[in-house]
Amino acid sequence: MTLPTILHDAPIAFIGTGAMGEAMIGGLLRHKLVEPDAITASDLHQSRLDEVKRLFGVRTTDDNRAAVRKARIVVLSVKPQVLSTVCADLNGVLRPSTLVVSIVAGARISSMAAGLNHEAIVRTMPNTPAQIGEGMTVWAATDAVSDKQREQAGAILGALGKHLFVRDESFLDKATAVSGSGPAYVFMLMEALIDAAVHLGWSRNDAKEMVVQTVRGSAMFAERSPVHPAEMRNMVTSPGGTTADAIYQLDKGGFRTVLSKAVMAAHQRSVALGALDEAKADATRSSRPKRTTRKTARKRR
Ligand SMILES: NC(=O)c1ccc[n+]([C@@H]2O[C@H](COP(=O)([O-])OP(=O)(O)OC[C@H]3O[C@@H](n4cnc5c(N)ncnc54)[C@H](OP(=O)(O)O)[C@@H]3O)[C@@H](O)[C@H]2O)c1
């Protein structure tokens, strides 16, 4: 079968095959963007590898370096705390033309570029609904990423849901605060609504069903409607009615201000964590023994 896709002839290696790696592989195959044998999954755990082989029929290995050797695209899908180890592992193995796509939260392009000694890098910030193909991913790319590679990155990220390209990497910290942490805000809203419904006498099960469907339906309605959510809210707020009383209490309690402060706090934290990540990467680089060239060896002698 010929796959009408930009990912044709572009073997992909996944480094780390946990929740997100599995979701991405599943999405790529479901959308018929690649054939299973064009994907190599690498992980520390044989059980994870057995599972993705069983589910998707992809190639597997527990050797990251072997996984990337023939790949044109390498997806870094490990947790942030092991990223520097993975970068050190892959340093020197990637071909300059290989596209690296990182989904590692908070990892800055400069740290990865230095750790991998590689230039063509796409940094992404997906969110949790990506695990069911309904994510929102914001991404940025280095200048070394070609137009074709950008298209390839877009196709891969499309397997996780919607995606938005930004030229300025600093917008990834801003995306972290809105769409990255966003599901947590929505879950908290749902939790509070369910508790309020239980307070009124609904069973937890019924309350959950009502709240989940209300959030789902509202999101779908907002997506399809051409008008701003503020106008949609006005439509359900009859003069002197029940919603008007509820909205008055939400405003009095500082609902919008609290949400805005929460987003600002998440942004500041994301910027601070990114700076820490870069400082750590700098410290690791400067503590590495320098390669001895013939010239320096002669000088030392
Ligand atoms: N989960 C989400 O909804 C979500 C949303 C947005 C962004 N992200 C980002 O996506 C990345 C992956 O998240 P995840 O939830 O998929 O994590 P995960 O389920 O922990 O998957 C990562 C996998 O990589 C393995 N691993 C660890 N060290 C490795 C190494 N040196 N070489 C190869 N594999 C290694 C892990 O094994 P161990 O379990 O032994 O460590 C695990 O099986 C994270 O950086 C996260 O920030 C996730």
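Residues numbered from 1 in each chain as written. Predicted model: local features only at pLDDT ≥ 70, side-chain atom pairs only at ≥ 80, totals over all residues.

Participant: Any chance you could explain the overall build of the chain here in plain terms?
Facilitator: Helix and strand counts for the chain stand at 13 helices and 8 strands. The C-alpha extent of the chain, read off along each of the three principal axes, is 85 × 50 × 35 Å. Counting only residues that meet the buried cut, the chain has 32% of its 301 residues in that class. Put simply, 65% of the contacts in the chain that link residues at least 6 apart link residues at least 24 apart. (Helix = DSSP H or I, 4+ residues; strand = E, 2+ residues; numbered from the N terminus. Buried ≥ 20, exposed ≤ 12 C-beta atoms within 10 Å, placed from the backbone. Contact = placed C-beta atoms within 7 Å.)

Participant: What should I look at first to understand the site of the ligand in this one?
Facilitator: What surrounds the ligand is a group of 27 residues, the closest being Gly-16, Gly-18, Met-20, Ala-105 and Thr-128. If you list the elements that add at least two residues to the shell around the ligand, you get helix H1 (19-30) and helix H4 (83-90). Among the elements that line the shell around the ligand, the one with the most residues is H1, at 3 residues. (Near = placed C-beta within 6 Å.)

Participant: Where do I start with the packing of H4 against helix H5 (residues 109-116) in this structure?
Facilitator: Packed helix pairs are characterised by how far apart their axes lie and by the angle those axes make with each other. Two elements in contact, H4 and H5, have axes whose closest approach is 7 Å; the angle formed by their N-to-C orientations is 40 degrees. As summarised for this structure, H4 and H5 are arranged oblique, according to the angle between their axes. Taken together, the residues of H5 that come into contact with H4 (itself represented by Ser-84, Cys-87, Ala-88 and Leu-90) are Met-112, Gly-115 and Leu-116. (Axes fitted to C-alpha atoms, helices over the stretch in contact; angles between N-to-C directions. Parallel < 35°, antiparallel > 145°, perpendicular 65-115°, else oblique.)

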